[in-house]
Amino acid sequence: MAMQKVNSPDRLFLSRLSESYKCRPGDNVLLECYVRNQRIKSVAWYAKGEHVDIRGVRLWHRYEPTTGQCTLCIRSVLGCDEGFYYCEATSLDNVVETLEVKLTIDNHDKIWKKIPILNMAGRVMPGGAKQLMASCQT
């Protein structure tokens, strides 16, 4: 697990527990983080570089402005869901911060059925998800 850092008043994200999670095919996954809700203009989630719709069928996200809770839901994880997921928060003064989570699909242990809900995952980075993904391409 990543070390919990002291929250700076300039940071948009309040907490994160891990930079990666492992799950099984068929699991339902919730990736959750919290932002400083009084400073947020918008929140967006990206799944492997693609914007996630608020009303998606298998992948969707929600943002609760009163609490600052941001959640990405993945229903019935498939092998192709393995990869990086990003929560991008934009402040009222247009500062963009991105939280990154790596999701790994583990097919080895067939006995393991389900895992608990995944909460507050990721690593906070300055800049938007598109800027981050562009810097990762080889």
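Structure: see above.
Please read all numbers here as calculations on a predicted model, not as lab measurements.

Colleague: Could you give an account of the nonpolar core, naming the residues involved and the relevant values?
Modeller: By size, the foremost hydrophobic cluster in this structure holds 25 residues, and its most contacted members are Leu-31, Trp-45, Ile-74, Tyr-85 and Cys-87. Those elements that place two or more of their residues in this core are strand E2 (20-23), strand E3 (29-35), strand E4 (40-47), strand E7 (69-74), strand E8 (83-91) and strand E9 (96-105). Ile-74 has contacts with Asp-27, Asn-28, Val-29, Arg-58, Leu-59, Asp-81, Tyr-85 and Leu-103, leaving out every residue within four places of it along the chain.

Colleague: So what about the environment of Pro-65? Which residues, and what values?
Modeller: In this fold, Pro-65 is placed in the loop between strand E6 (59-64) and E7. Separated by 27 residues in sequence, Pro-65 and Gln-38 have C-alpha atoms that sit 8.1 Å apart.

Colleague: Describe the pairing of E7, and please don't skip the residues or the numbers.
Modeller: Walk down a regular strand and you will see the side chains alternate between the two sheet faces. Counting buried residues along E7, 5 of its 6 residues qualify, which places the element largely inside the surrounding structure. Bridge count between E3 and E7: 6 bridges; the pairing is antiparallel. When the bridges of E7 are listed, Leu-31 appears paired with Leu-72. Here E6 pairs with E7 via 6 bridges, running antiparallel.

Colleague: Give a description of the environment of Arg-36 that names residues and reports values.
Modeller: Structurally, Arg-36 can be placed in the loop between E3 and E4. Residue classification places Arg-36 among the buried residues on the basis of a relative accessible area of 16%. In the structure, Arg-36 is positioned 24 residues away from Leu-12 in sequence and 5.4 Å away in space, judged by C-alpha atoms.

Conventions adopted
- Residues numbered from 1 in each chain as written.
- Predicted model: local features only at pLDDT ≥ 70, side-chain atom pairs only at ≥ 80, totals over all residues.
- Heavy atoms only, no water.
- Core = buried A, V, L, I, M, F, W, Y, C linked by side-chain atoms within 4.5 Å.
- Buried < 20%, exposed > 50% of the residue type's maximum accessible area, 1.4 Å probe, protein only.
- Helix = DSSP H or I, 4+ residues; strand = E, 2+ residues; numbered from the N terminus.
- Contact = heavy atoms within 4.5 Å.
- Pairing = 2+ DSSP bridges.

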